[in-house]
Amino acid sequence: MKSVLYFILIVLLILLFAFSSVACGDDDDDERGSVYNPPDDDDTGADDDADDDLNDDADDDVDDDSDDDADDDTAECVDGDGDNYGENCAAGPDCNDTNEFIHPGAAELPDDGIDQDCDDVDLTPNDNTGIFVAKTGDDANPGTMTAPKLTVNAGTELAVAEGKSVFVAKGNYNEDVETRVSLFGGYESEGWTRDIEGYVTTISAQTSKAVVVDESINPNRNYIESTKWRKAAKDDANPVAIQGFTINGGSGEECYGVYIWDTATLANNIINGGSPADEEGQCFGVYKNGWDVEARLIENTIDGGGGKYSIGVYNYYGTAMLNNNIIKGCKCFYNHRGIVMLVNNSIYGGSGGIRSYGVINHEGTASLVGNDIDGGSSNSSHGVRNSWTTYGYDSTIILEDNKINGGSGILESTGVENIGTATLIANDIDGGTGGGSSYGVQNLTYSYDFGNMTLKNNFIYGGSGDEYSYGVTNFGEATLVNNVVNGGEGSNVSTGVCSYGVVTMLNNTVNGGAGDQESWAINVEYVFGKLANKVISGEFNAKKGDFEYSNDAVVPARLINNIIDAGSSENSNALQILIEYSDYMGILLVNNDIYGEDIGCMISEFNYGYASIECVANSISEVNDCTWFSCIDSSANISADPLFVDSANGDFHLQSGSPCIDTGINPTEYIEQSFVEYDFEGDPRPYGAGWDIGPDEWQPASE
């Protein structure tokens, strides 16, 4: 189906541009944008360079035409909004190529002056287009504007037979509605004018499900039979839309506001999942089921309902797109093996229960852009969780330009938790206020599989846990580029970055935070499990010049061009290295700025085998001598105030006299160029005589 292709296209586009940036001109007052694309050279000639101009066609077709193709002499599809419709597209032309919800065959919404389905007219209520339902009606009536039906189900039954939509006047409709046609509420029954907020139209379930799209599928059929039936039933049907209702789910062991068996668009509704029969029951605001089923949710307010296991929106296989919704539930949005995209939603994980989540992606593919996400309040609260991978399914998530808070868990809170593959770009992440520990970002392991995470251009704060707070914890493989990380304000210890896995850090600013007793900027601990096996086999060996380290000199941690601030606790420390029996540990520490106002120790080593801790380097010369046990390479590090413009208020640009300007190293020796060719707001690297240390590449205001 076209929407599957749409979501795959979106995911590929985000991955393609995830490590590039938009040039912002100057460094003095620019803020980060939401998308980081490299600047083009704005040329207009047919020179086949990388400027993405109209003649960028690989310069190898016969006529060197301007169709931007790949030498097949055919016009390439131009689809500006990703809905598969557009100029030269196989699906056909698009009447609006700037809005993915407007294209031929889209669900048409009435009385908004917009032609969603490109048939040149906006849907309006009249006896040719609709069946009408009102509290003043009678089910014996023909369902016209002047003689409406009384119940919604009577209206849908007739609308299916006549190929029409159903228009429903204000009032309370206490019935379990089953539909394969569009339903529109918010009308008055005299002149059938519409005011969704003023003419409240309510559907309340009498059993467990308030509204079901395509309930005619027998749930006892096997999946193949159900799919064949559904395809045959909808081949000639218009897309289903439900708009303008207040929908209340019922009660029982499971209860649902809207249950979707077939492709549907939900817009401008208020939906509640209902109340479970007991505390072990579960309610869903919206439940979408089916491999070939697509759901589009636009500007709804959705609550999972009562009970400690409520879910706001559950996507079970298939595809879903959510735009500008407000969603609540203990597990607010749950994607199980589907393909989803969430844009500009407000998501709150709810309260009560053992765990609460803003978003869970379980063995699916998810892209989240511009959302405001809170993990809620429970024993353990999480803003976003990318769950583990089993049975050949991958859990892949892309987070860009979101604001994420871990919530206020009684025991712990986490902004983002990953046990799959995750890419985080330009997010603001706060670990929350966990009663025990708070974590900005966690990259974890499960059953000896480990998370793989890339973080770029993020602001990450560890939160304010009652005992411990961490900006980033890593038990898998993690790459951090151009991030600003703060360990938070743990009542006991705060740590900027803590890694038990393999970590590469380039051009970050890491602050240990303000723990009441101790703060650590970076804590590197022994590697274990599958990662230890990789380390032993030498898969993670790093290069220094033309010399490749041998298997006994592997690099679980590579720290290059970072600003490392020990933090502001009474006992602040820059880098602690924990070693298990002196095995499998190595640190590459090159061209970093290591400092702190009252730094207790620059580098300390703790050996589990001997239960001892030792400050092995407490001056920058001792750091660069590289005589401490875990050192593989330590060179060109400095210790000086980086001179941020105003770090206390979140401005981490460098002042013109900063010692970090031009004192970094070209990091492409250690990582591919696309990761590091732009700074945290899109300015190209390097500028001037060399690379800068930290996430900002300083440039004069005039440039």
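For the structure itself, consult the block above.
This write-up is about the structure you can find in this document.

**Notes on the pattern of salt bridges**
Should their charged atoms come close, side chains of opposite charge can pair. Under the definition given, this model contains six salt bridges. Linking Glu 162 and Lys 164 is a salt bridge whose minimum nitrogen-to-oxygen distance equals 3.1 Å. Classification of Glu 162 as partly exposed rests on a relative accessible area of 42%. Of the charged contacts in the structure, one is a salt bridge between Glu 363 and Arg 337, with a shortest N-O distance of 2.7 Å. Here Arg 337 lies in the loop between strand 21 (331-336) and strand 22 (339-343) and Glu 363 lies in the loop between strand 24 (355-362) and strand 25 (365-369), a separation of 26 residues in the sequence. Like Glu 363, the residue Arg 337 is buried in the burial classification.

**Regarding the side chain of Ser 469**
Assignment of secondary structure puts Ser 469 in strand 38 (residues 468-474). Residue Ser 469 is classed as buried on the basis of its relative accessible area, which comes to 0%. The residues touching Ser 469, leaving out its near neighbours within four places in the chain, are Ser 438, Gly 462, Gly 463, Gly 487, Gly 488, Glu 489, Gly 490, Val 493, Ser 494 and Thr 495.

**Considerations on a negative patch on the surface**
On the surface, a cluster of negative charge is contributed by Glu 253, Glu 254, Asp 278 and Glu 279. The topology assignment puts Asp 278 in the loop between strand 14 (275-276) and strand 15 (282-289). What makes Asp 278 partly exposed here is its relative accessible area of 33%.

**Brief notes about empty space enclosed by the protein**
Counted by the stated rule, this structure contains one cavity of 30 Å³ or more. For the largest cavity, the calculated volume is near 30 Å³. For the largest cavity, the full set of lining residues is Ile 260, Val 286, Lys 288, Ala 295, Leu 297, Val 313, Tyr 314, Asn 315, Ala 320 and Leu 322. Looking at the lining of the largest cavity, the elements with two or more residues in it are strand 15, strand 16 (294-298), strand 18 (311-316) and strand 19 (319-323). Ranked by residue count, the leading element in the lining of the largest cavity is strand 18, at three residues. Across the lining of the largest cavity, the residue classes break down as eight nonpolar, one polar and one charged.

**Looking at the side chain of Asn 335**
Here Asn 335 is to be found in strand 21. We classify Asn 335 as buried; its relative accessible area is 0%. Polar side-chain contacts of Asn 335 include one of 2.8 Å to the side chain of Asn 315. Once residues within four sequence positions are removed from consideration, Asn 335 is found in contact with Asn 315, Val 340, Ile 360, Asn 361, His 362, Gly 364 and Thr 365.

**Thoughts on the pairing of strand 38**
Note on strand geometry: in a regular strand, side chains alternate between the two faces of the sheet. Of all seven residues in strand 38, six are buried; the element is thus mostly enclosed. For strand 33 (residues 437-443) and strand 38, the ladder comprises six bridges, and the chain directions are parallel. Its bridge partner lying in strand 38, Ser 437 is registered against Tyr 468. Note: strand 38 against strand 41 (residues 493-499), six bridges, orientation parallel. Residue Tyr 470 lies in a different strand from strand 41, and its bridge partner there is Thr 495.

Parameters at a glance
- Residues numbered from 1 in each chain as written.
- Predicted model: local features only at pLDDT ≥ 70, side-chain atom pairs only at ≥ 80, totals over all residues.
- Heavy atoms only, no water.
- Salt bridge = Lys/Arg side-chain N within 4 Å of Asp/Glu carboxyl O.
- Buried < 20%, exposed > 50% of the residue type's maximum accessible area, 1.4 Å probe, protein only.
- Helix = DSSP H or I, 4+ residues; strand = E, 2+ residues; numbered from the N terminus.
- Contact = heavy atoms within 4.5 Å.
- Patch = residues over 30% accessible without salt bridge, like charges linked within 9 Å, V, L, I, M, F, W, Y side chains within 5 Å.
- Areas by Shrake-Rupley, 256 points an atom, 1.4 Å probe, with all protein chains shown as cover.
- Lys, Arg positive; Asp, Glu negative; His and termini not counted.
- Charge placed at Lys NZ, Arg CZ, Asp CG, Glu CD.
- 1 Å grid on protein atoms, 1.4 Å probe; cavity = no way out; pocket = protein on both sides within 12 Å on 5 of 7 lines; lining within 4 Å.
- Points joined across faces, edges and corners; volume = space filled by probe spheres on them.
- Nonpolar A, V, L, I, M, F, W, Y, C, P; charged D, E, K, R; others polar.
- Polar contact = N/O pair within 3.5 Å; in protein donor to acceptor, adjacent residues only side chain to side chain.
- Pairing = 2+ DSSP bridges.

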